[in-house]
There are 2 protein chains.
Amino acid sequence: MFRADGPSEAALPRAAVPPPDMRAIEAAHRRLRPFLRRTPVLGRSSLDSDFGARILFKCEAFQKSGSFKARGAFNAVLQLPPDTPGVVTHSSGNHGAALALAARNRGFPAHVVMPTTAPDVKRAAVRAYGGLVTACEPTLAAREATAERIVRETGAVFIHPFDSTDVVAGQGTAALELIEDAGCRIDLLLVPVGGGGLLAGTLIAAAGMSPATRVIGVEPEAADDATRGFRSGQRQPQVLPVATIADGVTAAMSEMTFSVMSWLAADMVTVSEAAIVRAMRLVWERLKVVIEPSCALPLAAILEGKVKAEGLTVGIILTGGNVDLDRLPWTISPAS
Amino acid sequence: MFRADGPSEAALPRAAVPPPDMRAIEAAHRRLRPFLRRTPVLGRSSLDSDFGARILFKCEAFQKSGSFKARGAFNAVLQLPPDTPGVVTHSSGNHGAALALAARNRGFPAHVVMPTTAPDVKRAAVRAYGGLVTACEPTLAAREATAERIVRETGAVFIHPFDSTDVVAGQGTAALELIEDAGCRIDLLLVPVGGGGLLAGTLIAAAGMSPATRVIGVEPEAADDATRGFRSGQRQPQVLPVATIADGVTAAMSEMTFSVMSWLAADMVTVSEAAIVRAMRLVWERLKVVIEPSCALPLAAILEGKVKAEGLTVGIILTGGNVDLDRLPWTISPAS
């Protein structure tokens, strides 16, 4: 049996959550349309020449709240009844900000449990959208206990960052739009993988809309639970401590996201920290889009030769752009 | 009489060049469509709330060659006969790279005269598009003499960065698309001004398509020839040395661009260096678009209260994203 001992949300004891189907993703897309952006799909011929591939970037860094997480959060929150007393999550990253924005839209309070160690910039993002930050000790037990206490005391609804049917259906709408807007068949879709919500949504959308498209998940070498799980057929814990610049993908998978990956992913690969930094910088330089390190995983996989892209049309979801401009990896340690 | 003593291309002795009309801009747009990108128009509700205005950003940082300069360069080069022996310009910036790309598209050699003091990254950009860099001493006389020698020796056609009917018609297509894609009336268009090619094209497009739109040009305080000229009614030289972070807007206007500005601009304003850096960073943080300092002039004008944006729909052309990621202004000297 899987025994969680990592810091990830996958360790929450909870009943198995069913994955969404294609109709749920389509319904999410209709539901989200008035509230979120249809982000542009960009390409660069200079990058295409360098890699001998056609690479299409779906720019979720331009999404409301600065990441694709708004899709899942809005899809969950928009389905709550109007008298919902609030929502709660624990997240040190983009899901907290996205949930705060979605809740503000409905007029619900949003409680975001964040460890005392979370950077100020992340707390500020949650507060900027009207979220109520509750500090807790930086342990999973403290995060869970604090979130549970808020549920008990306020009646707020817990919205998990990825182990949620509605959240995964929302995340799948990014791939839906990318496939619709590509203007040609996408041979290969590369997806950054943390808890696996985006991967699961993408896999289901691709299976439903474009079954010939192969979907491959990409992880940092330093946070490779999904890849190990894919190879072994058994869900794996994250090995601690997780030391990667890609701070958006340190969670371990849930039962649900693991099962969707096992069932539908064509492959899973890992990339080095140096390749992540090189790929991140390459996107800034060539695509002119500010992306956070987690977004750079797919291009890093091409750079390092972990996936063969030559001759293919490749879709990449640039998941988010919430990065501290004072602490860019190449100004801290020149890894490229 | 105007006596040029600055480093700018406006100092070239040349016959007065006629400005394009609206039909020339529309023709340019049809001509460019198969070759260039219709760049997205992005907005951010958080910026809108901060400024009490609706701000629409036309993202020319995503344009081919990384700046709007591809519009003018392609419009000029696409009209040359097929047996043209080459093109030549002198430019230490985006026009050189754009011209190289446009010429490669036609199979013409592109000669770009660059001073020996130009940064390696700029030379690399020209070369990446197949441009032939000819080094010269860092004086206007040397740049002109070198370009003239290349014209004499090779028969190449000189394409001026802004004192050209075709180039200005091409630059006007950015505003044409912005006005078409805005989905509502734009009250105010803010344009960075160096030599004035983009300003002239924007003024003509706005006058033709949306006469109720006021167009205001924005310059750095340290490179304010256009603003002084607008106030005095006489074209003014740039005061040397020009010390601004906005290295894309250090040229002085030509007779043609000056006359269009005098005739059609609603106003001209200047902004401080500190405001440019703050605005640049704000665009990176909120819009997630990598822009070079020159692009930040319009938002800096709103930040500093040089233009009143409150209650208005404001269009801003983010002109380009060619910036040295190792030398970001806020990592060099924290001005924000």
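The structure this text deals with has already been given above.
These notes cover the structure that comes with them.

Brief notes about the overall build of chain A
Part 1: Helix and strand counts for chain A come out as 13 helices and 10 strands.
Part 2: Its C-alpha atoms give chain A principal-axis dimensions of roughly 55 × 45 × 40 Å.
Part 3: Burial statistics for chain A: of 336 residues in total, 61% are counted as buried.
Part 4: Intrachain contacts of chain A at a sequence separation of at least 6 include 75% that bridge at least 24 residues.
Part 5: As displayed, chain A has an accessible area near 12,300 Å², and 51% of this comes from carbon and sulfur atoms.
Part 6: For chain A, the separation between the mean place of its 34 positive charges and that of its 33 negative charges on side chains is 4 Å.

Focus on the interface of chain A and chain B
Part 1: With 23 residues of chain A at the interface, the matching set in chain B holds 24 residues.
Part 2: Per-residue buried area on chain A facing chain B is highest for Phe62, Lys288 and Leu325 of chain A; these three make up 34% of the total on that side.
Part 3: The interface formed by chain A and chain B holds two salt bridges in total.
Part 4: Notably, a salt bridge pairs Asp326 of chain B with Arg281 of chain A, separated by 2.8 Å at the nearest N-O pair.
Part 5: Put simply, chain A and chain B have 12 residue pairs in polar contact (both at pLDDT 80 or more) between them.
Part 6: Breaking the side of chain A that touches chain B down by element, the ones donating at least two residues are helix H11 (273-287) and helix H13 (329-332) of chain A.
Part 7: When residues in the side of chain A that touches chain B are grouped by element, the largest group, four residues, is from H11 of chain A.

A look at the pairing of strand E10 (residues 313-318) of chain B
Residues and elements named next belong to chain B.
Part 1: In terms of burial, E10 is largely enclosed, as six of its six residues are buried.
Part 2: Examined bridge by bridge, strand E2 (residues 54-59) and E10 share six bridges and lie parallel to one another. Bridge pairing in E10 places Lys58 opposite Ile317.
Part 3: Summarising the sheet, strand E7 (residues 188-192) and E10 pair through three bridges and their orientation is parallel. By the bridge assignment for E10, Leu190 is matched with Ile316.

So, the pattern of salt bridges
All names here are of chain A.
Part 1: This model, assessed by the stated rule, comprises 34 salt bridges over all chains.
Part 2: Close ionic contact of Arg38 with Asp181 constitutes a salt bridge, the shortest N to O distance being 2.9 Å. Here Arg38, found in the loop between helix H1 (22-32) and strand E1 (41-42), pairs with Asp181, found in helix H7 (residues 165-181); they are 143 residues apart in sequence, far enough to count as distant.
Part 3: A salt bridge links Asp267 to Arg231; the shortest N-O distance between them is 3.2 Å. With Asp267 in strand E9 (residues 267-271) and Arg231 in helix H9 (residues 225-232), the pair connects residues that are 36 residues apart, well separated along the chain.
Part 4: For Asp267, a relative accessible area of 23% gives the class partly exposed.
Part 5: A residue is classified by how much of its surface remains accessible, and Arg231, at 53% relative accessible area, is exposed.
Part 6: Connected via shared salt-bridge partners are Lys58, Glu60, Arg71 and Glu177.

A look at the relation of the copies chain A and chain B
Part 1: Its rotation angle being 180°, the transformation that places chain A on chain B also includes 0.0 Å of axial translation and leaves an RMSD of 0.0 Å. Those values place the two copies in the arrangement expected of a two-fold rotation axis. If distances are taken from each C-alpha of chain A to the rotation axis, the shortest is found for Val289 of chain A, at 2.4 Å.

What about helix H3 (residues 69-77) of chain B?
Residue and element names in this part refer to chain B.
Part 1: Most of H3 is tucked away, with nine of its nine residues classed as buried.
Part 2: Of all the residues in H3, the buried ones are Lys69, Ala70, Arg71, Gly72, Ala73, Phe74, Asn75, Ala76 and Val77.
Part 3: In this structure, the buried residues of H3 make contact with helix H1 (22-32), E2, strand E3 (87-90), helix H4 (94-106) and helix H7 (165-181).

What counts, and at which threshold
Along each chain, residues carry numbers from 1 onward, in the same order as the chain's sequence is written. For this description, chains carry letters from A and ligands carry numbers from 1, given in the order in which they are written. pLDDT decides what is reported in this predicted model: residues at 70 or higher carry local features, side-chain atom pairs at 80 or more are listed and counted, and totals for whole chains, interfaces and linings draw on all residues regardless. Side-chain calculation: all heavy atoms of the structure are included, whereas hydrogens and water are not. Strands here are runs of E lasting at least two residues and helices are runs of H or I lasting at least four, both read from the DSSP assignment and numbered beginning at the N terminus. Categorising residues by exposure relies on relative accessible area from a 1.4 Å probe, with only protein chains included: less than 20% of the type maximum marks a residue as buried, more than 50% marks it as exposed, and the intermediate range marks it as partly exposed. Between two residues, a contact is recorded if the distance between any of their heavy atoms is within 4.5 Å. For accessible areas, the Shrake-Rupley method is used with a probe of radius 1.4 Å. Any residue's cover is judged against the shown protein chains and nothing else. His is not counted, nor are the chain ends; Lys and Arg add positive charge and Asp and Glu add negative charge. Every charge is mapped onto a representative atom, which is NZ of Lys, CZ of Arg, CG of Asp or CD of Glu. Summed over both partners, the accessible area lost on bringing two parts together, with a 1.4 Å probe, is the buried area. Any carboxyl oxygen of Asp or Glu that lies within 4 Å of a side-chain nitrogen of Lys or Arg is treated as forming a salt bridge with it. What qualifies as a polar contact is a pair of N or O atoms within 3.5 Å, subject to a donor-acceptor requirement within protein and to the restriction that residues adjacent in sequence count only when both atoms come from side chains. Pairing between strands requires that DSSP locate at least two bridges from one strand to the other. Superposition of the copies used a least-squares fit over C-alpha atoms from residues whose pLDDT is at least 70 in both.

Treat this as a map of the structure, not an account of what it does.
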